[in-house]
Amino acid sequence: SQPFADRLARIQPSPSVEANARVTELRAQGRDIINFTIGEPDFDTPAHIAEAAIAALKAGDTHYTPSAGTPTLRQAVADKLARDNGLDYTRDEIVIGAGGKPILYHALAATLNPGDEVIVPAPYWVSYPDLVALNEGVPRIVICDATCGFKLTAKALACAITRKTRWLVLNTPSNPTGAVYTAAELDALAAVLRENPHVGVISDEIYEHFVYAPACHLSLINVAPDLKARTLIVNGASKGYAMTGWRIGFGAGPSDLVRGIVKLISQTTTCPSSLSQAAAVAAFSGDQAPVREMAARYTERRRLMLEGLQSVIGVSSFAPDGAFYVYLDVGGLIGRETPTGQRLRSDDDVVLYWLESVGVAGVSGKAYGLSPYVRLSFAIGEAAIQEGCRRLGEACRALR
Ligand code: PLP
């Protein structure tokens, strides 16, 4: 008999985590790899944030906290939402989790009944469909291709909604495409949602600080405040403050939904680390200059990346308005033959060819629900970006 529950068979290990692990393995074998698979900032956590954790440790702040998070951190998040997003939330409408992913997990586990549908626009962040499936929901994938800027249109949303739809997951700025929804686009989606009062919205805004002018970040609630009562904002400290390892995320939504999520957290993780919560207070309420500095660095890296990719034959980039990824169209390489006589039939083949021939690692678009693409992260050093693009040029030139 098999040792695992059926639910484990419904999900895959995270493909981006796996791709990154493969890079680590190859480097351990002595291979020189340019790693474009990384889904996290390469910067250190700003010093004043780390200092706050050290101070909390020295002050003996080493105990359980309330499951919703410390009152100070919940207030800091409410203040942050007012300052950065112009949104009005009270402390009891905020829940702190051990990362944005656990907030998503707990929100879905707390609200999905078997068979409930969740609309997930593709390309999607790899975890959405699996978190839905894990909680016995049905991911309803809606392909949003390059012709609509990889964004969900009102028409596609209207077609995807059924009586069973529980949630729409919106991710702006998007991982993996960097697409950022405009006010007009959000407005059009809001109109459809108003006609469907049974559909809630999970608005994942974890990349909000990294947007490239003239794009700007907007939450659905900014353009449709009337949808606030059925929207859960998911965000956190991981990307904006270079704090992925600290594991702090938050949800902001109606207080009854928040209470349900907190009830579940009280029986799973209990609370996020007390020290990380103290650090997150400093992140959300302290000096915001480091965030702007990191955003400026990504702006420059994005420029280098787009410039470098221009001379790579057979690929075309969609200039991202946000986040730190380029979702590269590799359709022009499909059907070509490598110097060793292998035909490239899929984005998986392209990823493998680049890795083996020139030591460049990316993640296949297959993982994000739209092929043939490769996601390249520019959360790596400027020199590596340039060298990586040079190698991609070399690999693509060698194809027949
Ligand atoms: N949402 C998106 C779109 C992400 O890309 C990620 C991380 O990769 C997360 C949420 C989760 O972030 P965290 O590390 O806070 O769990």
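Residues numbered from 1 in each chain as written. Predicted model: local features only at pLDDT ≥ 70, side-chain atom pairs only at ≥ 80, totals over all residues.

Domain annotation for the chain reports domain 1 (6-32 + 290-397) and domain 2 (48-286). On a C-alpha basis, the centres of domain 1 and domain 2 stand 26 Å from each other. If you look at the interface, domain 1 gives 28 residues, while domain 2 gives 31 residues. Where the side of domain 1 that touches domain 2 is concerned, the elements lending two or more residues are helix H2 (15-28), helix H12 (289-310) and strand S10 (325-329). The dominant element in the side of domain 1 that touches domain 2, judged by the number of residues it contributes, is H12, at six residues. The residue makeup of the side of domain 1 that touches domain 2, split by class, is 15 nonpolar, seven polar and six charged. (Domains from an automatic or database assignment. Contact = placed C-beta atoms within 7 Å. Helix = DSSP H or I, 4+ residues; strand = E, 2+ residues; numbered from the N terminus. Nonpolar A, V, L, I, M, F, W, Y, C, P; charged D, E, K, R; others polar.)

A few words now on helix H5 (residues 100-111). With twelve residues, H5 should reach 16 Å at 1.5 Å per residue; the first-to-last C-alpha distance of 17 Å fits that figure. Counting buried positions along H5 gives ten out of twelve residues, so the element sits mostly inside the fold. Within the sequence span of H5, burial applies to Gly100, Lys101, Pro102, Ile103, Leu104, Tyr105, His106, Ala107, Leu108 and Thr111. (Expected span 1.5 Å × (residues − 1). Buried ≥ 20, exposed ≤ 12 C-beta atoms within 10 Å, placed from the backbone.)

Quick look at the confidence of the model for the chain now. When pLDDT is averaged along the chain, the result is 96; 100% of the residues meet or exceed 70. Reported for the predicted complex are a pTM of 0.96 and an ipTM of 0.99. (pLDDT = per-residue confidence, 0-100.)

Take the sheet that holds strand S9 (residues 316-317) next. The strands making up a sheet associate through hydrogen bonds between their backbones, and the pairing can be parallel or antiparallel. With antiparallel pairing, four strands are arranged side by side in an open sheet as S9-S10-S13-S12. Since the sheet does not close on itself, it has two edges, and those belong to S9 and strand S12 (363-364), each with one partner. Pairing analysis gives five bridges linking S10 to strand S13 (residues 373-377), with the strands arranged antiparallel. Within S13, the residue paired with Tyr327 across the bridge is Arg375. Along the sheet, helix H13 (residues 347-358) contacts S12 and S13; its crossing angle with S13, the most-contacted strand, is approximately 45°. (Pairing = 2+ DSSP bridges. Axes fitted to C-alpha atoms, helices over the stretch in contact; angles between N-to-C directions.)

What follows is about helix H3 (residues 47-58). Between the first and last C-alpha of H3 there are 16 Å, a value that for twelve residues agrees with the 16 Å anticipated at 1.5 Å per step. Among the residues making up H3, those that are buried are Ile49, Ala52, Ala53 and Ala56. End-on view of H3: buried residues confined to an arc of 95°, all on one side of the axis. In H3, the exposed residues that point more than 90 degrees away from the buried face are Ala47, Ile54 and Lys58. The inward-facing, buried residues of H3 abut helix H11 (274-285). Downstream of H3 by a residue or two, Gly60 has a phi angle that is positive, lying close to 80°. (Arc of directions from axis to C-beta.)

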